[in-house]
Amino acid sequence: MRIAVVQTCPLFGQVAENVEAALMAMESRGADLYVLPELFNTGYNFADVGEVEELSESVSGYTLHAVTAFASKMSCYIVYGFAERADKLYNSSVLLGPSGLIGLYRKTHLYFRETLFFAPGDLGFPVYDVPFGKVGMMICFDWMYPESARSLALNGAQIIAHPSNLVMPYCPDAMVTRCLENRVFAATANRVGVEDRAGITLKYIGKSEIVSHKGEILHRLGETEPGIAVADIDLSHATNKRINEYNDLFSGRQVERYVR
């Protein structure tokens, strides 16, 4: 299958314009699965919870309908991050396909001022079957907790779709380890640009990347410009957890000795 990471530079609060810019980038390169950044449609640096409430959407909102129309036209699958309005406000992502919504994930590990606006995710780390394989999702700061990727891998994920708004420099290299220790592929879609709002300045680092099950960086974008990167990958490689004839990453786990 062909995987694509889409690196965008959203304008805060300009939902229609941000969605259109992402779809135009996607139209330039064909793929089976596109991964877009965290909060790609709204921007990230909210001033207060009122802005989150104003810009959040249900899972059947404007963004889902616009992106599903693209998926239907192109016969593809898409993961994107958005502010979800439900019983609470969540920093969420969806997996959708030509027929619409397939799966929902809510960010488990909130970062920085997100803790003022969003509730921690309550859905665990689900994995979804699509025609080319098994897709799991995590969002941005989830990378800091190895349990996130490990939970997805144990649940059967072959590829981790990872919408992000990274400001710290560590994640692109850390995802190499996450893929290596779980023998899964990962697509980290980050954004670029600067948001200076409510007295807080955030500079996003770009470096969206596609990493193989062996920890190889197949593609990594730059730090300042929007772009799209694609790679052809064989997800069946992610089902083999053996390192050699004696070591299997999963059967070799000594669960009874780990701290809980």
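All of the points below concern the structure found in this document. Computed from a predicted structure; not experimentally measured.

**Notes on the sheet that holds strand β3 (residues 77–85)**
Right, on to step 1. Taken together, six strands build an open sheet; the order of strands is β5-β4-β3-β2-β1-β14 and the sheet is mixed. Strand pairing shows two members of the sheet lacking a second neighbour, β5 (100–106) and β14 (227–232), which therefore form its edges. Strand-to-strand twist of the sheet, defined as the mean angle between neighbouring strand axes without regard to direction, takes the value 25 degrees.
Right, on to step 2. Here β3 pairs with strand β4 (residues 89–97) via eight bridges, running antiparallel. The residue of β4 that forms the bridge with V79 is L95.
Right, on to step 3. The strands touched by helix α1 (residues 15–27) are β1 (2–7), β2 (33–35), β3 and β14; relative to β1, the strand with the most contacts, the crossing angle is about 140 degrees.

**What to know about unusual backbone geometry**
Right, on to step 1. Backbone geometry at C140 places phi at a positive 40 degrees, although glycine is not the residue there.
Right, on to step 2. Take C140: it is sitting in the loop between β7 (133–137) and α5 (146–154).
Right, on to step 3. Looking at C140, the relative accessible area reads 6%, which means it is buried.
Right, on to step 4. Within the chain, K207 stands out as a residue other than glycine whose phi angle is a positive 60 degrees.
Right, on to step 5. As for its position among the elements, K207 is in the loop between β11 (200–205) and β12 (209–211).

**Overview of the packing of aromatic side chains**
Right, on to step 1. Inspection of the entire model under this criterion finds twelve aromatic pairs.
Right, on to step 2. On the numbers, 5.6 Å between centres and 85 degrees between planes, the contact of Y77 with F132 is edge-to-face. One end of the pair, Y77, is in strand β3; the other, F132, is in the loop between β6 (127–130) and β7, with 55 residues separating them in the sequence. Considered together, Y77 and F132 belong to a single accessibility category, that of buried residues.
Right, on to step 3. Here F141 and Y145 contribute two aromatic rings whose centre-to-centre distance is 5.8 Å and whose plane-to-plane angle is 85 degrees, an arrangement assigned as edge-to-face.
Right, on to step 4. We classify F141 as buried; its relative accessible area is 12%.
Right, on to step 5. Judged by relative accessible area, which is 34%, Y145 ranks as partly exposed.
Right, on to step 6. By the ring-pair criterion, three or more aromatic residues cluster together here, those being F12, F46, F117 and F118.
Right, on to step 7. Positioned above the aromatic ring of Y90 is the side chain of R106, whose terminal nitrogen or guanidinium carbon lies 4.1 Å from the ring centre.

**Some thoughts on the packing of α5 against helix α6 (residues 171–182)**
Right, on to step 1. Two elements in contact, α5 and α6, have axes separated by 10 Å at closest approach and are oriented at 35 degrees. The two elements α5 and α6 meet at a crossing, and its hand is right-handed. Contacts between α5 and α6 involve P146, A149, R150 and A153 on the former and, on the latter, R178, E181 and N182.
Right, on to step 2. By residue class, the composition of the contact of α5 with α6 is three nonpolar, one polar and three charged.

**Remarks on the sheet that holds strand β8 (residues 159–163)**
Right, on to step 1. Strand order across the open sheet formed by six strands is β6-β7-β8-β9-β12-β13, with mixed pairing between neighbours. Each end of this open sheet is capped by a strand with a single partner; those strands are β6 and β13 (217–220). Taking the axes of each pair of neighbouring strands and ignoring which way they run, one obtains an average angle of 20 degrees across the sheet.
Right, on to step 2. The pairing of β12 with β13 spans three bridges and is classified as antiparallel. Note on β13: the bridge partner recorded for I210 is H219.
Right, on to step 3. Against the sheet, α6 contacts β8, β9 (185–189), β12 and β13, and its axis sits at roughly 20 degrees relative to β12.

Reading guide: rules and limits
Residues numbered from 1 in each chain as written. Predicted model: local features only at pLDDT ≥ 70, side-chain atom pairs only at ≥ 80, totals over all residues. Heavy atoms only, no water. Pairing = 2+ DSSP bridges. Helix = DSSP H or I, 4+ residues; strand = E, 2+ residues; numbered from the N terminus. Axes fitted to C-alpha atoms, helices over the stretch in contact; angles between N-to-C directions. Contact = heavy atoms within 4.5 Å. Buried < 20%, exposed > 50% of the residue type's maximum accessible area, 1.4 Å probe, protein only. Phe/Tyr/Trp six-rings, centres within 6.5 Å; stacked < 30°, edge-to-face > 60°. Lys NZ or Arg CZ within 6 Å of the ring centre and 35° of its normal. Left-handed = near helix turned anticlockwise from the far one by under 90°. Nonpolar A, V, L, I, M, F, W, Y, C, P; charged D, E, K, R; others polar.

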